[in-house]
Amino acid sequence: PHTGRLALYLLGLRATCPPPSPHRALVTWLKYYLEEDWTGSRRHGHPLTSYYQYGLGVLALCVHHKRVREEVIRRLLTAQHHGRLGHGGNTVDTEAVVALAFTCLEQRRLVGTGLAAELRAAAHGASRSMAEAQGPDGIIGNIYSTPWALQVFLATGTCQTEPAFGQAMAALLENLEAFGTAATMAQVLPVLHGRSYLDVASMHCQEEPDTLTPLDIEPLPEVSGNKTVQLVVECPLPWCYELRLYNRPVPAPAAASLLDVLRAAAALEPHDFKFHTQDTPQGPFLTQVLGLEARQEKRNYWQLLTAPNTPLQMGIADYRPQDGETLILRLSEW
């Protein structure tokens, strides 16, 4: 099911103030996808896509003022209560999307009084959990999940009393260069204006000015010279018996991104080093290295780290490693 993609499309469509008729069929399709998605739970114990996409679907329906069956909402509540929204790694974005969906349903009065109280308590619990997950640098989870957490603080009203809000906002302002794609900009722009996705539901479209004017963006300055990056590929148990599968220096232009470094490694050793990516709204996503594929049904992914063990805050097309830096591609579970 294309739950998350359709949910994001409907959120964006609502923000553009369209006439009501074109998207009615899409809302019906999203309701259908939510039911189809849940069929995976009977076999795998979680939706066929993910709780992140499932929460996005509920949020999109709420923003469009559509009631959601209580059973659908209970699925998310139960998952949150039992800590099933993530399996290791960063789960902030999933918890935030679910908390926004809960807050929307409660504030739009699309549920009964008793369930509304449960949703309010769950959303505030998620807000406290995000504050506890904040690192010393102010980032919550990683730089891309931080706007999601800030949206929860704004939507629940805890931004006025939660110290983590100001620290996370300061960290966000220091790392705005990380948000270079339309999808990541869509997450951060509402926060910079003190808004969350919930505000899309209450927009007065007749009062919205047309501000969609193109901007002239100056190209990045050219950087001359070369650099060498130590590239390491790791595959721990249970997927591989040998942890380190690749460990070699890779020469590349000084301005090269991590994606450029991977291409340079493939050009140097076309028979030994191969990789594949998948295009996403956030940019290219690393899916396969040395023939090892990260698959959603296996709940694993290629984690990007700088040695010895620091996760990267950017994707492969955005991160530009320094000369002499060691980069690790590690097959990890989520």
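Residues numbered from 1 in each chain as written. Predicted model: local features only at pLDDT ≥ 70, side-chain atom pairs only at ≥ 80, totals over all residues. Heavy atoms only, no water.

- The protein is annotated in an unreviewed UniProt entry as Transcobalamin-2 of Cnemophilus loriae.
- Per its UniProt entry, the protein bears the Subunit (unreviewed entry) comment "Interacts with CD320 (via LDL-receptor class A domains)."
- Heading Sequence similarities (unreviewed entry) of the UniProt record for the protein holds this comment: "Belongs to the eukaryotic cobalamin transport proteins family." (UniProt positions renumbered as here; feature names shortened; annotations may be inferred.)

### A closer look at the pairing of strand β1 (residues 226–234)
Part 1: Here β1 pairs with strand β2 (residues 244–253) via 9 bridges, running antiparallel. Note that in β2 the partner of E234 across the bridge is R244.
Part 2: Note: β1 against strand β8 (residues 326–333), 5 bridges, orientation parallel. Within the sheet, the bridge partner assigned to V232 lies in β8 and is I328. (Pairing = 2+ DSSP bridges. Helix = DSSP H or I, 4+ residues; strand = E, 2+ residues; numbered from the N terminus.)

### Describing unusual backbone geometry
Part 1: For the peptide bond that leads from A307 to P308, omega is 5°, which places it in the cis range.
Part 2: Structurally, P308 can be placed in the loop between β6 (300–306) and β7 (310–311).
Part 3: Of note in this structure, H65 is not a glycine but carries a positive phi near 60°.
Part 4: Relative to the elements of secondary structure, H65 occurs in the loop between α4 (51–63) and α5 (70–81).
Part 5: One non-glycine residue with positive phi stands out, namely R109, at about 55°.

### Brief notes about the pairing of strand β4 (residues 283–289)
Part 1: Where burial is concerned, most of β4 is hidden: 5 out of the 7 residues are buried.
Part 2: Taken together, the 6 bridges between strand β3 (residues 275–280) and β4 define a ladder with antiparallel strand orientation. Bridge pairing links H276 to Q288 in β4.
Part 3: Sheet analysis places β4 next to strand β5 (residues 292–293), joined by 2 bridges and oriented antiparallel. Directly across from Q288, in β5, lies its bridge partner E293. (Buried < 20%, exposed > 50% of the residue type's maximum accessible area, 1.4 Å probe, protein only.)

### Looking at the state of the cysteines
Part 1: One pass over the structure, following the stated rule, counts 1 disulfide.
Part 2: Disulfide pairing is shown between C62 and C104; the S-S distance is 2.0 Å. Linking C62 and C104, the disulfide has an S-S dihedral of approximately -95° and is accordingly described as left-handed. Highlighted residues: C62 in helix α4 and C104 in helix α6 (residues 92–107), separated in sequence by 42 residues.
Part 3: Residue class for C62 comes out buried when judged on its relative accessible area of 0%. (Disulfide = S-S within 2.5 Å.)

### Brief notes about the nonpolar core
Part 1: Ranked by internal contacts, the top residues of the largest apolar core, which has 74 residues, are L59, F102, L105, M130 and F153.
Part 2: When near neighbours in sequence (up to four residues on either side) are disregarded, F102 contacts I73, L76, L77, Q80, L119, A122 and A123.
Part 3: Grouped together as the second largest cluster of nonpolar side chains are 28 residues, F273, F275, I316 and L329 included. (Core = buried A, V, L, I, M, F, W, Y, C linked by side-chain atoms within 4.5 Å. Contact = heavy atoms within 4.5 Å.)

### Comments concerning the sheet that holds β3
Part 1: The sheet built from 3 strands is open, its strands ordered β3-β4-β5 with antiparallel pairing. Strands at the two margins of the open sheet, each flanked by one partner only, are β3 and β5.
Part 2: The sheet strands contacting helix α11 (residues 258–268) are β3 and β4, and the helix crosses β3 at an angle near 150°. (Axes fitted to C-alpha atoms, helices over the stretch in contact; angles between N-to-C directions.)

### So, the side chain of Q53
Part 1: Turning to its location among the elements, Q53 is positioned in helix α4.
Part 2: In this structure the side chain of Q53 is engaged in a polar contact, spanning 2.8 Å, whose partner is the backbone nitrogen of G4.
Part 3: Apart from residues no more than four positions distant in its own chain, Q53 is found in contact with T3, G4 and R5. (Polar contact = N/O pair within 3.5 Å; in protein donor to acceptor, adjacent residues only side chain to side chain.)

### Examining the sheet that holds β7
Part 1: Spatial strand order, β2-β1-β8-β6-β7: 5 strands in an open sheet with mixed pairing. Every interior strand has two partners, whereas the edge strands, β2 and β7, have only one.
Part 2: Pairing analysis gives 2 bridges linking β6 to β7, with the strands arranged antiparallel. Paired with L305 across the bridge in β7 is P311.
Part 3: Contacting β1, β2, β6 and β8, α11 crosses the sheet at an angle of about 105° to β2.

### Observations regarding the packing of aromatic side chains
Part 1: Throughout the structure, instances matching the rule amount to 11 aromatic pairs.
Part 2: Where W29 meets Y32, the ring centres are 5.5 Å apart and the plane angle is 85°; that geometry is what we call edge-to-face. Of this pair, W29 and Y32 both sit in helix α2 (residues 24–38), 3 residues apart, which is roughly one turn of that helix.
Part 3: By relative accessible area, which is 47% here, W29 ends up partly exposed.
Part 4: With centroids separated by 5.8 Å and ring planes inclined at 40°, the aromatic side chains of W29 and Y33 adopt a geometry described as tilted. (Phe/Tyr/Trp six-rings, centres within 6.5 Å; stacked < 30°, edge-to-face > 60°.)

### Re a nonpolar patch on the surface
Part 1: A contiguous nonpolar patch, built from L173, L176, M185, L189 and L192 and spanning about 410 Å² of accessible area, is present on the exposed surface.
Part 2: Relative to the helices and strands, L189 resides in helix α10 (residues 182–192).
Part 3: Taking the relative accessible area as the measure of exposure, L189 reaches 44% and is therefore partly exposed. (Patch = residues over 30% accessible without salt bridge, like charges linked within 9 Å, V, L, I, M, F, W, Y side chains within 5 Å. Areas by Shrake-Rupley, 256 points an atom, 1.4 Å probe, with all protein chains shown as cover. Salt bridge = Lys/Arg side-chain N within 4 Å of Asp/Glu carboxyl O.)

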